[in-house]
Structures are given as structure tokens and as C-alpha cells.
Amino acid sequence: MITRQRLAAGVCALLAALTAGFALPAGAVADESDGQAAPKVELVLDVSGSMRTRDIDGGTRMAAAKQAFNEVLDATPEEVQLGIRTLGANYRGNDRRTGCKDTAQLYPVGPLNRTDAKTAVATLSPTGWTPIGPALLKAADDLQGGNGTRRIVLISDGEDTCQPLDPCEVAREIAAKGVGLTIDTLGLVPDAKTRDQLSCIADATGGTYTSVQHKEQLSDRVGQLVDRAADPVVTPVATEGAADCAKAPTLKSGLYTDREEFGQQRWYRVDVNPGQELRASVSVADDRTVNPDYGVLLRAVTVHGREIVRGEAAGNGRTDVMSTGLRYPRPESDDDNAPAETVCLQVTNSFSAAPGVKTTPGLPLELTVDVVAGPDKAADVAAFGLGRGWWLLGVLVLAGFLAGLVWGWVSRWRIAVWRTN
């Protein structure tokens, strides 16, 4: 029976995916050592009977998957060790127990021989069941060893047919082991149940879910995920927020981890120069059983307590991580010697522990801070609490004034005509 352990490792993978592309300073990024193991990726392909369906650009789903695999194999970076695993590819019978064991490694994870891999893919023919859970467990074993990036890319067109081994629970168990393995999922059918299941699998390990309806889209997305495995690994820096802004640590651009107790608030400080933009996001993980209905709030305020901008998110017990973010562009200054503005970041959560659950240590928290060159026409996004809503308010007032004039003129004209008649 798969347990519902949920540890901070899942959050680390999530933040690393959400913040890909942010410029991080040397102090907040782990250097890639020459001895680091090569990144490993395993493509897990659903080869169940439904893959015969012809609804992707006039061809079968299987044909689209084969084309995508061939293009990805040609473009795979040399440093990536790639393997291929199938589910539902070999058993053609109706025995459920046997069908739910039908997962096999088509091409072993290791240095890529493109010709051999393409030959193996060409032999595939849609056949059997959809044992997603067992395939994920086997794929996780295929990727064991080394300290490099590990990623599973699952491509499927339907729900797992081998319950009660819930693939979402399998993904949570993989994340709970703290092995740093990410599962990305791609759905070939815009079906709500399939989407929900594949999204849950991806969310559990900090991966992404993508709905695919065209061949080119499938090839591009799989290629992006394989390339991502070769990106440098970002290691969060431990920090400790304070109970108020005055005592808070000053952070530079980077990825940070902390712990926050139930219902607690943590403060951090960031210096923003004129013409720069502050981008911040936070994720808090419920790594233990919590009561439903909770939320996370991230506020940027001045040192005097005026709120600049906020981001917030709410949940109802269906997610393991709550995330939100904000952006604050500071306007340019005519004074070349204008000092940096200290922005206080407040992180608050409304989680509450279920009966009998320990409240210490606090919940895992990850904070991303990025200070970049701001837009050309930055402005105070929260002037008097309205932000850019001042423009909308002005337009509405003007529109109401003009509408009143027109209506008054029409009314007087109609009354004049009535009196004349």
C-alpha cells in the first residue's frame, strides 16, 4: 500500500521547475562539479490499444508519438543518458492481472545510440492495458544511481486501468523518497479525467503537465523536457525569516528555503534600485496531514508598512503545495544617486494541523527572489491601494460624465418634441 508521505523534496523540484529561466546569483546556485553524474531521462510511452485512435492531425496517436520520439532522439544532447520504457506494449489478452504487469524497458538508460533507439521505437504497435502506476515504479528504478538530474517523461492517452495502485499515489511515494526525480506528463486526449490524473502525477514531483493535440506540439514539448534535464541543478540556500521586517535578513536574487509554523508569518528584506523590478514567488508544502481550506499570502510592503502589491492562493485539501507570486517595478529616478528602496516581503500561511499531528518543525517553504531591469515605464503598482486601477477609475468617471451629458440632451430633445406635438 502506497503511503501518503509528502516531503519537502517535492517542493524543491517544483520551485526549480517554476523558476527555470530566472537569473540566479553565484551565491544561490550550486556549481556543477566536473565529477557530477550525467543527467538521466526515461521516456515512458503508453502503447495501449487506444493509441490506434486517429485524431492527431489525421493520423494515429501512435504515429504521432513515434515521429516525436525520432525527432527528439536526433536532438538529444550528448551529455544526456536516455532510455525508453513502454506500458501496455506486449500483452494482448484480457486477463487484468497479467495486463497490469505489462511494462518493459525498450531501450536501457545510458549513452544514446540513435539508430538502435529508433529501431526499437519502430517496432511498437498499440496492444494492451494502461498500467501507469507499475510503469512509473519501474522507471524510477531504471534511473537510480548517480547524483545528476533525473527525469521521467510520461506520454499517455488515457487513465490508468490498473487501480487500486493509484499512479498519483505512486508519484507521491517517489517524491517522498527524496531522490530528486521529476515526472513530467503529456496527455494526448483533452479528457477531464485523464487530465486530472496526469496533472496530479506531475504536481506530486514538481513536474509539468501538458495537453497535446498536434504532432509538432508533442515533438517540441518532449524535446524541451529532455533538454531541461541537461540544465544546471539549482540548490536552494537556507535562510531564516524574522517575526518582523526590521529584523529580517536581506536577500539577493536567488532561491531560498525556510520553515514556517502553522499560521505563522515570516519576513524578508530585498533592496530594489530605481528602474529595477522585484519578482518574488513562494511555495509552502503541507508535508503532513492538514485540515482542508487553507491559503498562502505573499505581500510586498514598504518599511513604513504601506502595502505595495500582494499575491495569494487558496486550496481545499487537494494539493500538496500552495504557490503564489508578485512583481513590483520601481520607477526610474531623476537623481543618479537615489538610494535603493528596501522592500519587505511577508509570507503568511493559513494551514492548520489535523488532530494529533505535530506542528514542529514548521512547514517547508521555498522563496524565489529575482531583481531585474524593470520595464521602460515602471510605476508604483499600488498607489493608494488601487495600483493601475487609477487609470480604469478615470476612464469610468469620464465615460459616466459623457453618458450623462448625452442622456440629458436626448431627454430634453424628446420633451421638447412632446410639447410641440
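Rules and cut-offs
Residues numbered from 1 in each chain as written. Predicted model: local features only at pLDDT ≥ 70, side-chain atom pairs only at ≥ 80, totals over all residues. Heavy atoms only, no water. Disulfide = S-S within 2.5 Å. Helix = DSSP H or I, 4+ residues; strand = E, 2+ residues; numbered from the N terminus. Buried < 20%, exposed > 50% of the residue type's maximum accessible area, 1.4 Å probe, protein only. Patch = residues over 30% accessible without salt bridge, like charges linked within 9 Å, V, L, I, M, F, W, Y side chains within 5 Å. Areas by Shrake-Rupley, 256 points an atom, 1.4 Å probe, with all protein chains shown as cover. Salt bridge = Lys/Arg side-chain N within 4 Å of Asp/Glu carboxyl O. Pairing = 2+ DSSP bridges. Axes fitted to C-alpha atoms, helices over the stretch in contact; angles between N-to-C directions. Core = buried A, V, L, I, M, F, W, Y, C linked by side-chain atoms within 4.5 Å. Contact = heavy atoms within 4.5 Å. Expected span 1.5 Å × (residues − 1). Phe/Tyr/Trp six-rings, centres within 6.5 Å; stacked < 30°, edge-to-face > 60°. Polar contact = N/O pair within 3.5 Å; in protein donor to acceptor, adjacent residues only side chain to side chain. pLDDT = per-residue confidence, 0-100.

(A) Molecular detail of the state of the cysteines. As enumerated under the stated definition, the model contains three disulfides in all. The disulfide partner of Cys100 is Cys162, and the gap between their sulfur atoms is 2.0 Å. A torsion of -95 degrees about the S-S bond marks the disulfide between Cys100 and Cys162 as left-handed. Placement of the pair is Cys100 in the loop between helix 3 (96–99) and strand 5 (103–110) and Cys162 in the loop between strand 6 (150–156) and helix 6 (167–176), with a sequence separation of 62 residues. By the burial criterion, Cys100 is buried, and Cys162 matches it. Note that Cys168 is cross-linked by a disulfide to Cys200, the S-S spacing being 1.6 Å. Taking the sign of the S-S torsion, about -45 degrees here, the bridge from Cys168 to Cys200 comes out left-handed. In this pair, Cys168 sits in helix 6 while Cys200 sits in helix 7 (residues 192–205), placing the two residues 32 residues apart along the sequence. According to the relative accessible area criterion, Cys168 is buried, its value standing at 5%.

(B) Geometry of a nonpolar patch on the surface. A surface patch of nonpolar side chains, amounting to about 410 Å² of accessible area, comprises Leu398, Phe401, Leu402 and Leu405. Looking at the secondary structure, you find Leu405 in helix 9 (residues 389–420).

(C) Region of interest: the sheet that holds strand 16 (residues 341–349). Strand order in the open sheet formed by four strands is 11-16-13-14, and the pairing between neighbours is antiparallel. Two strands lie at the open edges of the sheet, namely strand 11 (265–272) and strand 14 (307–315), each paired on one side alone. Each adjacent strand pair in this sheet contributes to an overall mean axis angle of 15 degrees, direction not counted. Sheet topology places strand 13 (residues 294–301) next to strand 16; six bridges connect them, and they run antiparallel. Pairing of Leu298 across the sheet is with Val347, part of strand 16.

(D) Local environment of the environment of Val212. Its place among the elements puts Val212 in the loop between strand 8 (209–211) and helix 8 (215–229). You can call Val212 buried: its relative accessible area is 0%. Separated by 25 residues in sequence, Val212 and Gly187 place their C-alpha atoms 5.8 Å apart.

(E) Just the nonpolar core, in detail. Leu43, Leu45, Ile155, Leu186, Leu218, Val222 and Val226 are the most contacted members of the largest nonpolar core, which has 32 residues in total. The contacts of Leu218, once residues within four sequence positions are left out, are Ala64, Ala65, Ala68, Ile155, Leu186, Leu188 and Val212. Membership of the second largest hydrophobic core comes to 30 residues, among which are Val272, Leu278, Val284 and Leu363.

(F) Expanded view of helix 8. For helix 8, built from 15 residues, the straight-helix expectation of 21 Å at 1.5 Å per residue is met to within 8% by its first-to-last C-alpha distance of 22 Å. Among the residues of helix 8, Leu218, Ser219, Arg221, Val222, Gly223, Leu225, Val226 and Ala229 are the ones counted as buried.

(G) Region of the structure containing the packing of aromatic side chains. A full pass over the atoms with the stated rule returns one aromatic pair. Seen from their ring centres, Tyr294 and Phe351 are 4.5 Å apart, and the 25 degrees between their planes marks the pair as stacked. With Tyr294 in strand 13 and Phe351 in the loop between strand 16 and strand 17 (363–373), the pair connects residues that are 57 residues apart, well separated along the chain. In this pair, the class of Tyr294 matches that of Phe351, namely buried.

(H) Seen up close, the side chain of Thr103. Looking at the element boundaries, Thr103 is found in strand 5. On the accessibility criterion, Thr103 (15% relative accessible area) is buried. Within the structure, the side chain of Thr103 is placed 2.9 Å from the backbone oxygen of Thr86, a separation counted as a polar contact. Among all residues touching Thr103, those that are not within four sequence positions of it are Arg85, Thr86, Leu87, Pro134, Ala135 and Lys138.

(I) Up close: the confidence of the model for the chain. Considering every residue of the chain, the mean pLDDT works out to 82; 84% of them sit at 70 or more. Per-residue pLDDT stays below 50 along residues 1–34; that stretch engages in 66 contacts with residues further than four places along the chain or on separate chains. Scored below 50 in pLDDT, residues 378–388 makes 26 contacts in the model with residues more than four places away or belonging to other chains.

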